[in-house]
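# Observations on the model geometry
These are the residues of each chain, in order.
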Amino acid sequence: MSRFLGFVKKEFHHIFRDPRTMLILFGMPIAQILIFGYVVSNEITDVKIGVYDKSKDHVTHEITNKITSSGFFILSENLNSDQEIEDVFKKGIIREVIVFESNFAEKLERDGSAGIQIIADASDANTANIVTNYTQSIINNYVKNELLAQGLPYEIVPEVRMLYNDELKGVYMFVPGTMALILMLVSAMMTSISIAREKEMGTMEVLLVSPLKPLPIVIGKVIPYMVLSFINAVVIIALSYFVFEMPIQGNLVFLLLETLLFIFMALSLGILISTASNSQLVAMFISMFALMLPTMLLSGFIFPIENMPKILQWFSTIMPARYFIVIVKNIMIKGSGIGIVWKETLIIAGMTVFFLVMSIKKFKVRLE
Amino acid sequence: MNEIAVEVQNLKKSYEKEEAVKGVSFSVSKGELFGLIGPDGAGKTSILRIITTLLFPTEGKITVLDSDVVKDYKKIRTNIGYMPQRFSLYQDLSVEENLTFFARIFGTTIEENYDLIKDIYSHIEPFKDRLAGKLSGGMKQKLALSCALIHSPDILILDEPTTGVDAVSRKEFWEMLIRLKEKGITILVSTPYMDEANLCDRVALIQNGDIMSIDTPEKIIGDFGQKLWAVKSNNIYQLINDLRRLDFIDTVFPFGEFLHVTSNTEDLNITELKSILNEKNHLGIKIQQVEANIEDCFMQLMTK
């Protein structure tokens, strides 16, 4: 145990004595979260929606058809009660629910106006905004082309409601993504670099010719970064809570546990990278290209996954960050518990085990 | 005293297509100071890395303290102290932190083995708070040696410990090695400096992955078997060319400010040689018979 603690202590010395490491560890996360607190616009296709038709007459059918045949939306659920609306949103598949009031056609004929409610999941502020705008313009077109063209002075009043994030704050979307990105980068990149550095400096040669086994070497390397990454995650959450006033609806302890799991996953990925690289430069390149870019582009952080080409959607399923973003959004914005995000949690845990087993297998006890 | 510490039998090592070590055999007795002497690229580092279990041998059987380097590598690793060719300590840790770290990973403390390293460590102890990266070359080597010794290994393996170190530090370093040998530690050291061979009990002369000769330095010098002259003039370059053109001259190699020359004939007529060189306009000619040293032997073995 003393051997191991000696090793961990040495790692902390390395970190605290290198100003560049310190800058990447603590300067970058704060800068990124502040920079990414802005919105990037994007487009939509094939958004899954639900329809709660209280009236079920020919007009509501026609409007539903118009919406689903527009190419932007896919009708995935027919709902039958108000309660179900909340439920389908929690599942996270459906982005928007359209509610027709009862006796829709009748009211339209009798009073000349009827109401439609458009409810959107605004935890992803951009998508919610775009989705509701599209829906409204389809309804407006229908009124103009079908009703007014026939000389019917009817009016349909859409009422838009944003669920979970009614102020449409873009930062809600960026905080989870930035958190994933930073933890991935700090944990995976820094560990892989620090192990590669031992190889590059030749100290690995001396470590190998010591009674220290590979596992303690690797774990000793990882622990300091685990501690520091966790501090980082707490800083990010605190920043988003106090600076951007992002809510934390769910259990904070649960959120931190999930974060810890993600950090652990990123660290094991870092170890795996280091087994494949003999110099700091190679480790950094692999981390950059294999981790940072895909995490930014394919995890749903910047571009919604449902708008990607099929191939990229496939790729995104192997991005650990994708699942972490879903988890963080659910916990922070919707207040979900393990009952909702168990699947994502399991996937990340599985990836962790996979990376760990791979890296222990690949760790060389010799120089070749 | 004659027990075997390291036994190497027909060791071969290839990197992809290149054969770096071409079947060498030697053994190091316990308590011996054994030197692998040869120029850069001769295969010294490969041999030492295989003995320290860091590389696999392509062929051959190597045992360290009766343990096989492939099968029992874990056992060997606890019994050897290894100092790689490059300075491989943590440059961003202080002298004392480095030593403490290596003591701890070997499950010991500085105090426990202080006797063993006292001689060496006392030189650098005044700088124990300095970062290792800021030490001079000689001090770095002393620190590396202290770290390799901190767990009191049975065998010390040093890969070119004095390369890039000034002459005074080199001398000090070898004095330390000899004192360690007196404490009963087996030492296997590689070096490109021929003059260091004389300080070893036995040496193996290595060239291009082959051992040319293994023996005590005295014996190797005794086997030289030719008389040797040191020749000098004001124009060394011209002198090399002129001497090589003379048919009674066997070999000519530069050695410091002199040329070391052997003859085809039993003896060399110094006055005759002087007059020949005078005719070729050489000035300040000096010729004297000298004793052969290891480098002369190495050159002789190389040309065979």
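Predicted model only: the values in this text are computed from it and were never measured.

## Focus on the packing of helix H3 (residues 95-105) of chain B against helix H5 (residues 137-149) of chain B
Residue and element names in this part refer to chain B. Where H3 meets H5, the axes come as close as 8 Å, and the angle between the chain directions of the two elements is 20 degrees. It follows that H3 is roughly parallel to H5 by the angle criterion. The chirality of how H3 crosses H5 is right-handed. Of the residues in H5, those touching H3 at Val95, Asn98, Leu99 and Phe102 are Leu143, Ser146 and Cys147. The residue makeup of the contact of H3 with H5, split by class, is 5 nonpolar, 2 polar and no charged.

## Some thoughts on the domain arrangement of chain A
With domains assigned, chain A is organised as domain 1 (2-38 + 170-362) and domain 2 (47-163). The C-alpha-based centres of domain 1 of chain A and domain 2 of chain A are spaced at 41 Å.

## Considerations on the domain arrangement of chain B
Residue and element names in this part refer to chain B. Once the domains are mapped, chain B shows domain 1 (4-218) and domain 2 (228-303). Distance between the C-alpha centres of domain 1 and domain 2: 37 Å. Summed over both partners, the interface of domain 1 with domain 2 comes to about 720 Å²; 87% of that surface belongs to carbon and sulfur atoms. Area buried by domain 1 at its contact with domain 2 is led by Met194, Leu205 and Met212, which between them contribute 65% of it. Our count for the domain 1 to domain 2 interface comes out at 0 residue pairs in polar contact (both at pLDDT 80 or more). If you list the elements that add at least two residues to the side of domain 1 that touches domain 2, you get strand E9 (202-207) and strand E10 (210-215). For the side of domain 1 that touches domain 2, the leading source of residues is E9, giving 3 residues. Grouping the constituent residues of the side of domain 1 that touches domain 2 by class yields 8 nonpolar, 4 polar and no charged.

## A word on the sheet that holds E10(B)
All names here are of chain B. Across the sheet, which stays open at both edges, the 6 strands sit in the order E6-E7-E8-E3-E9-E10 with mixed pairing between neighbours. Taken across any chain shown, the strands that pair with only one partner, and hence form the sheet edges, are strand E6 (80-83) and E10. Adjacent strand axes in the sheet meet at a mean angle of 15 degrees, parallel and antiparallel pairs treated alike. Those strands touched by H5 are E6 and strand E7 (155-159), and its axis lies near 160 degrees from that of E6.

## What about the interface of chain B and chain A?
On the chain A side, the residues contacting the 32 residues of chain B number 28 residues. For the pair chain B and chain A, the summed buried surface comes to about 2,900 Å²; carbon and sulfur atoms form 59% of the total. Of all residues in chain B, the largest losses of buried area upon contact with chain A belong to B:Leu54, B:Arg104 and B:Ile105, amounting jointly to 23% of the total for that side. At the boundary of chain B with chain A, the tally comes to 2 salt bridges. Linking A:Arg17 and B:Glu97 is a salt bridge whose minimum nitrogen-to-oxygen distance equals 2.7 Å. There are 9 residue pairs in polar contact (both at pLDDT 80 or more) connecting chain B and chain A. Mapped by element, the contributors of at least two residues to the side of chain B that touches chain A are helix H2 (73-79), E6 and H3 of chain B.

## Points about the sheet that holds strand E2 (residues 73-79) of chain A
All names here are of chain A. In spatial order, the strands read E2-E1-E3-E4-E5; together these 5 strands make up an open sheet with mixed pairing. Two strands close off the open sheet at either side, each with one partner strand: E2 and strand E5 (155-163). Taking each pair of neighbouring strands and ignoring which way they run, the sheet shows an average axis angle of 25 degrees. The pairing of strand E1 (residues 47-53) with E2 spans 6 bridges and is classified as parallel. Paired with Gly50 across the two strands is Glu77, which belongs to E2.

## Thoughts on the nonpolar core
Of all hydrophobic cores here, the largest spans 148 residues; its most connected members are B:Phe26, B:Ile51, B:Leu145 and B:Leu180. Among the elements that make up this core, the one with the highest residue count is helix H7 (residues 171-201) of chain A (16 residues). Residues contacting B:Leu180, with those up to four places away along its chain left out, are B:Leu116, B:Ile120, B:Leu145, B:Leu149, B:Leu156, B:Ile185 and B:Ile187. By size, the runner-up hydrophobic cluster in this structure holds 23 residues, among which are A:Ile63, A:Phe73, A:Ala105 and A:Ile138.

## Points about the packing of aromatic side chains
Residue and element names in this part refer to chain B. If you walk through the whole model with that rule in mind, you get 14 aromatic pairs over all chains. An angle of 70 degrees between the planes, with centres 5.2 Å apart, marks the rings of Phe101 and Phe102 as edge-to-face. Take Phe101: its relative accessible area is 3%, and that puts it in the buried class. Phe102 sits in the buried class, given a relative accessible area of 1%.

So, how was this worked out
For every chain, the first residue of the written sequence is number 1, and numbering continues from 1 along that sequence. The naming scheme follows written order: chains are lettered A onward, ligands numbered 1 onward. Thresholds applied to this predicted model are a pLDDT of at least 70 for local features of residues and 80 or more for the giving and counting of side-chain atom pairs; totals over whole chains, interfaces and linings are not thresholded and use all residues. Values shown for side chains rest on all heavy atoms present in the structure; no hydrogens or waters enter the calculation. Axes, fitted as lines to C-alpha atoms, cover a helix only where it is in contact. Angles between the N-to-C directions of the axes lie from 0 to 180 degrees. In this text, helices come from DSSP runs of H or I with a minimum length of four residues, and strands from runs of E with a minimum of two, each type numbered from the N-terminal end. When an angle is under 35 degrees it counts as roughly parallel; over 145 it counts as roughly antiparallel; between 65 and 115 it counts as roughly perpendicular; any other value is oblique. Left-handed describes a crossing whose near helix is turned anticlockwise from the far helix by less than a right angle; the clockwise case is right-handed. Contact definition: two residues touch when any of their heavy atoms are within 4.5 Å. Under the scheme applied here, ten amino acids are nonpolar (Ala, Val, Leu, Ile, Met, Phe, Trp, Tyr, Cys and Pro), four are charged (Asp, Glu, Lys and Arg), and all others, including Gly, are polar. Bear in mind that the domain bounds are from an automatic or database domain assignment. For any pair of parts, buried area is found by adding up, for both, the accessible area (1.4 Å probe) each one loses once the two are put together. Pairs of N or O atoms are called polar contacts if they sit within 3.5 Å, as long as, within protein, a hydrogen donor faces a hydrogen acceptor (for residues adjacent in sequence, only side-chain-to-side-chain pairs). Between any two strands, at least two bridges found by DSSP are needed for them to pair. Any Lys or Arg side-chain nitrogen found within 4 Å of a carboxyl oxygen on Asp or Glu counts as a salt bridge. Working definition of a nonpolar core: buried Ala, Val, Leu, Ile, Met, Phe, Trp, Tyr and Cys residues. They are joined through side-chain atoms within 4.5 Å. For the exposure calls, accessible area comes from a 1.4 Å probe over protein chains only, and a residue counts as buried if that area is under 20% of its type's maximum, exposed if over 50%, partly exposed in between. A pair of aromatic rings is counted whenever rings of Phe, Tyr or Trp (Trp by its six-membered ring) have centres within 6.5 Å, and the orientation is called stacked for planes under 30 degrees apart, edge-to-face for over 60 and tilted otherwise.

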